[in-house]
Amino acid sequence: FRIMSAAAAHLPHPLQSPWHNAALRRSMRKKASIRRRASMTTSLSAVPVLVNSCAGKMGHAVGEAVLESGNTLLPYSVAGPDVGVDVVNCAGQPIQLVPPEEAVSLITRLKEEHPELIVVDYTVPAIVNANADMYCSLGVPFVMGTTGGDRDALKAAVTASEATRAVIAPQMGKQVVAFQAMMQRMSEMFPGAFNDYTLSVVESHQKTKVDTSGTAKAIVESFRALGVQPFDDDDIELVRNPNDSVDRMGVPETYLDGHAYHTYRLTSPDGTVAFEFQHNVNGRAIYAQGTVDAVLFLHRQLYGKPGGATQKLYDMIDVLEAGVMR
């Protein structure tokens with residue numbers, strides 16, 4: 001580090017010669033050419049992705065993220081009969097909506113046309129298990145971002161499948177998952193550190209989310225291992241009223257239709273010590289980007305190394321630990 005006087009700053013620098021500038025321009029052109037070739041290689045190996053359902057807000061956000069990442073968003077999406085439209089527009093690309101009864105034939109055809117197909121599921125909790133069973137029966141790899149359903153049965157379906165590999169996670173936001181992993185590891189390293197502390201949890205989501213936050217449940221599990229007083233998943237307080245989300249939780253009105261606010265409060269038995277943890281998310285971009293990372297991770301496990309995937313079931317912590325996110 002050097003400090004130069006104003007007069008010295010105007011002196012020609014030895015590296016500012018015409019020869020050096022020409023060499024620098026040649027070097028920059030060469031690097032640009034390499035980047036263009038790398039971009040071409042990436043586009044040639046783009047991952048084909050089917051998103052179910054692009055008619056929903058989360059699925060639509062994932063579809064846009066797939067396109068932004070340079071991968072291939074297939075122009076179809078399985079959607080429920082209550083959508084009311086036949087085609088949706090996703091970042092300028094029309095997506096044909098297909099009814100559930102045609103899902104098997106559609107995915108079978110797309111798998112034949114795109115052997116490296118990966119399906120992303122953002123549907124509704126009521127059909128999570130049925131969809132997973134369908135993907136497993138067809139031998140198609142998938143990323144399950146939909147929450148709810150019977151999670152044990154969901155994982156068991158993949159484990160029992162001969163051909164299917166999957167990333168299943170109730171939380172796709174990478175940074176939130178990192179926090180979740182930190183809490184889990186703290187509970188393993190320091191079990192009982194919060195013995196007899198009282199836990200309270202409140203989470204706010206858009207009013208259309210019908211189930212309890214899967215992330216909140218996972219964090220609560222870590223707090224249990226840390227020794228808090230008995231706390232069931234049913235004790236998690238759900239805020240779905242827009243007025244309460246704004247007034248009580250501080251959610252901006254512009255994000256009432258897409259947010260995830262969580263507050264965990266720990267209080268000592270005598271009330272003299274309190275800890276509070278929060279993670280507040282506005283919008284859906286963090287989940288959509290994490291989902292694309294999960295897709296690329298799964299594709300890499302399947303096709304990017306000799307012998308293919310070494311395990312059947314992955315979660316977002318596996319994605320994080322791989323350390324190859326965008």
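The shown structure was predicted, so the numbers you read here are calculated from the model rather than taken from an experiment.

What's the story with the overall build of the protein chain in this structure? I'm lost.
Scanning the protein chain for helices and strands turns up 11 helices and 13 strands. In the protein chain, which comprises 326 residues, the proportion classed as buried is 43%.

Would you explain the sheet that holds strand S5 (residues 93-98) in this entry?
Each strand in a sheet pairs with another by means of backbone hydrogen bonds, the pair being arranged parallel or else antiparallel. Spatial ordering of the open sheet is given by S3-S5-S4, a layout of 3 strands whose pairing is mixed. If you trace the sheet from one side to the other, it starts and ends with strand S3 (76-78) and strand S4 (87-90), each paired once. For this sheet, the mean inter-axis angle between neighbouring strands, taken without regard to orientation, is 35°. Pairing geometry for S4 and S5, over 4 bridges, is antiparallel. The residue of S5 that forms the bridge with Val87 is Gln96. Relative to S4, helix H3 (residues 57-68) is tilted by about 50°, and along the sheet it contacts S4 and S5. The sheet strands contacting helix H4 (residues 103-113) are S3 and S5, and the helix crosses S3 at an angle near 145°.

It is not clear to me how the packing of H4 against helix H5 (residues 128-138) should be interpreted in this structure. Could you clarify?
Each packed pair of helices is defined by two parameters, the angle between the axes and the distance between the axes. Two numbers describe how H4 lies on H5: the axes approach to 11 Å, and their chain directions differ by 40°. Relative to H5, the element H4 is oriented oblique. Where H4 crosses over H5, the handedness of that crossing is right-handed. Contacts between H4 and H5 involve Ala103, Val104, Ile107, Thr108 and Lys111 from the first element and Met134, Tyr135 and Leu138 from the second. In the contact of H4 with H5, the residues fall into 6 nonpolar, 1 polar and 1 charged.

Please clarify how the packing of aromatic side chains should be interpreted in this entry.
Aromatic ring pairs are described here by two measures, namely the spacing of the ring centres and the angle between the planes. Applying the stated criterion across every chain yields a total of 8 aromatic pairs. For the cation-ring pair, Arg109 lies above Tyr76, with the distance from its terminal atom to the ring centre recorded as 5.1 Å.

Can you walk me through helix H6 (residues 151-160) in this structure?
Each full turn of the α-helix corresponds to 3.6 residues, which orients residues three or four apart in the same direction. Listed as buried for H6 are Leu154, Ala157 and Val158. What you see down the axis of H6 is that its buried residues fit within an arc of 95°, all on one side. For H6, the exposed residues lying more than 90 degrees away from the buried face are Asp152 and Ala160. Residues of H6 that are buried make contact with H5, strand S7 (142-144), strand S8 (166-168) and strand S13 (313-314). One side-chain oxygen of the residue at the start of H6 lies 3.2 Å from the amide nitrogen of Asp152, identifying that residue as Asp150.

Scoring rules and cut-offs
- Starting from 1, residues in each chain are numbered consecutively following that chain's sequence as written.
- With pLDDT at 70 or above as the cut-off, local features in this predicted model cover only qualifying residues; side-chain atom pairs require 80 or more to be listed or tallied, and sums for whole chains, interfaces and linings still use all residues.
- Neither water nor hydrogens contribute to the side-chain values; these are computed over all heavy atoms in the structure.
- Only DSSP runs of H or I reaching four residues or more are called helices, and only runs of E reaching two or more are called strands; each is numbered from the N terminus.
- To sort residues, take the accessible area from a 1.4 Å probe on protein chains only and compare it with the maximum for the residue type: under 20% means buried, over 50% means exposed, and anything in between is partly exposed.
- Between any two strands, at least two bridges found by DSSP are needed for them to pair.
- Between the N-to-C directions of two axes lies an angle of 0 to 180 degrees, each axis being a line fitted to C-alpha atoms and, for a helix, fitted only over the stretch in contact.
- Contacts: residue pairs with any heavy atoms within 4.5 Å of one another.
- Each angle gets one of four labels, with under 35 degrees taken as roughly parallel, over 145 as roughly antiparallel, 65 to 115 as roughly perpendicular, and the rest as oblique.
- Here a crossing is taken to be left-handed if its near helix is turned anticlockwise relative to the far helix by less than a right angle, and right-handed if that turn runs clockwise.
- Residues are grouped as follows: Ala, Val, Leu, Ile, Met, Phe, Trp, Tyr, Cys and Pro are nonpolar; Asp, Glu, Lys and Arg are charged; all remaining types, including Gly, are polar.
- Any two rings among Phe, Tyr and Trp, with Trp reduced to its six-membered ring, count as a pair given centres within 6.5 Å; such a pair is stacked if its planes are under 30 degrees apart, edge-to-face if over 60, and tilted if neither.
- A ring has a charge above it when a Lys NZ or an Arg CZ is no more than 6 Å from the ring centre and no more than 35 degrees off the ring normal.
- By construction, the arc corresponds to the directions joining the helix axis to the C-beta atoms.
- Polar contacts, as counted here, are pairs of nitrogen or oxygen atoms within 3.5 Å of one another; within protein the pair requires one atom able to donate a hydrogen and one able to accept it, and residues that are adjacent in sequence qualify only if both atoms are side-chain atoms.

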